[in-house]
Amino acid sequence: MKYSFYVANNQSAESCLNRITFDSESKNGEVQLCDKLPQGVQFIAHNSVDKKVYAVIGSEKEDECILITYDYYQTKIHQIYQRRIKVHSASYIYIDPTMRKAYLSDYLGSQFALIELDFKGIPKKGIQYFKLEGSGPVLERQEKSHPHSILIYKNNILFVPDLGSDCIWQILLEKDDSIGRTIENHVIPGSGPRHLCIANKQRIIYVINELTSMINVYDFLNEEESLKLKQTISTLPIDYTGIRCASDIKLNSSGNKLYAGNRGYNSIVEYLVNPQNGKLTVNRHINCGGWPRLFTITEDEKYIIVLIEEYLESKGAIEVYDLSHPKQYVWKYTMPFAYAMTAVQ
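Given the structure is predicted, the values throughout are model-derived calculations rather than measurements. (Residues numbered from 1 in each chain as written. Predicted model: local features only at pLDDT ≥ 70, side-chain atom pairs only at ≥ 80, totals over all residues. Heavy atoms only, no water.)

### Regarding the side chain of S15
Then, in step 1: Its location among the elements puts S15 in strand β2 (residues 15-23).
Then, in step 2: Within the local environment of S15, its side chain forms a polar contact with the backbone oxygen of Q39, the two atoms lying 2.9 Å apart.
Then, in step 3: Excluding its chain neighbours within four sequence positions, the residues that come into contact with S15 are N9, N10, D35, K36, L37, Q39, G40 and V41. (Helix = DSSP H or I, 4+ residues; strand = E, 2+ residues; numbered from the N terminus. Polar contact = N/O pair within 3.5 Å; in protein donor to acceptor, adjacent residues only side chain to side chain. Contact = heavy atoms within 4.5 Å.)

This is how it looks when you write it as structure tokens:
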């Protein structure tokens, strides 16, 4: 079985967009350089239906980024479109299930953007920007709103974890994509909600808090009500006293296991999901070779692919773990300043 995905770094002088293919039979990977970019890559995402990859890179202007669209087919990729957008720092790109809208969370700009995509997956001209407000008690991280990611539920409800305001924004989108009812789901001050994932069948939302390394488990009853907190659980061992800097969170395809990243403790924690109520129980920790910023789980649930970011003693890399016995990675590729990756195709 071969698994392919895209990875980019954020080296300021020159970033590289790479396509990586991991072969589970040979336990080896192939790295193909797709493009060199003049500025650091902030985030990338792919549209599997229209065969597009979207990348946001920095520009010479502080309040502006460049959105690049690539067309890909098998191992071939080429740039087909780019434009400047009024985004300070893209911390997340989400392509909605219809593949006709892209949402960007702007961490430094305290906003998120909605970009419509045409029938080929190419961004249209008009972009809507939605401003967010708020702050938190951790002054060096929460001086203002910092939306870190964004996800849509049932094509009309946006959830935006806001690290700066300690809020999970629950936003109803009207048919014309205007903002309707907005609910502010506040977490414990100083938590810093970062990413989330949704168990659609159970209507349960899992939110990972970066500053406290805790996961909040919520029932989502309907669009008119606030989220109902049902569990809070740590991503760390009870006796851990080091850096707390949680990162990514993902459910596997079956929905029976949830994974969360720990930077500092350098692990991916695996939880068992209770099928009746969605609550979590720690199953094990998968030790990583550095700070796990992002990760993706293969559709067959056999492998977890981890992006290790470069920070302090941690060196940028891609690590692949076999989930049947993940004591050590089965393949590793060193990538200086590794920063962004797509899901497996």
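Don't stop here, the text continues.
### Examining unusual backbone geometry
Then, in step 1: Positive phi values are uncommon outside glycine, yet K27 reaches one of about 55°.
Then, in step 2: Here K27 lies in the loop between β2 and β3 (28-37).
Then, in step 3: Positive phi, normally seen in glycine, also occurs at M99, with a value near 65°.
Then, in step 4: Here M99 is to be found in the loop between β8 (90-95) and β9 (101-106).
Then, in step 5: The exposure class assigned to M99 is buried, which follows from its relative accessible area of 15%. (Buried < 20%, exposed > 50% of the residue type's maximum accessible area, 1.4 Å probe, protein only.)

### A look at the sheet that holds strand β23 (residues 280-287)
Then, in step 1: If you trace the four strands from one edge of the open sheet to the other, you get β20-β21-β22-β23, paired in antiparallel fashion. The sheet terminates laterally at β20 (245-251) and β23, the two strands that pair on one side only. Recorded for the sheet is a direction-independent mean angle of 25° between the axes of neighbouring strands.
Then, in step 2: With seven bridges joining them, strand β22 (residues 267-273) and β23 adopt antiparallel strand pairing. Looking at β23, one finds that V273 is bridged to L280. (Pairing = 2+ DSSP bridges. Axes fitted to C-alpha atoms, helices over the stretch in contact; angles between N-to-C directions.)

### Topic: the layout of surface pockets
Then, in step 1: There is about 1600 Å³ of room inside the largest pocket.
Then, in step 2: Lining the largest pocket are 48 residues, with Y94, L151, K250, L251 and A343 positioned closest to its centre.
Then, in step 3: Secondary-structure elements contributing two or more residues to the lining of the largest pocket are β1 (2-9), β4 (41-47), β8, β12 (151-153), β16 (193-199), β20 and β24 (291-297).
Then, in step 4: Per element, the largest residue contribution to the lining of the largest pocket is five residues, and it comes from β16.
Then, in step 5: Across the lining of the largest pocket, the residue classes break down as 26 nonpolar, 14 polar and eight charged.
Then, in step 6: Computed from the structure, the second largest pocket encloses a volume of approximately 270 Å³.
Then, in step 7: Looking at the second largest pocket, it is lined by 17 residues, and the ones nearest its centre are Q42, S89, A90, R293 and Y339.
Then, in step 8: For the lining of the second largest pocket, the elements supplying multiple residues, two or more each, are β4 and β8.
Then, in step 9: Among the residues making up the lining of the second largest pocket, the classes are represented as five nonpolar, seven polar and five charged. (1 Å grid on protein atoms, 1.4 Å probe; cavity = no way out; pocket = protein on both sides within 12 Å on 5 of 7 lines; lining within 4 Å. Points joined across faces, edges and corners; volume = space filled by probe spheres on them. Nonpolar A, V, L, I, M, F, W, Y, C, P; charged D, E, K, R; others polar.)

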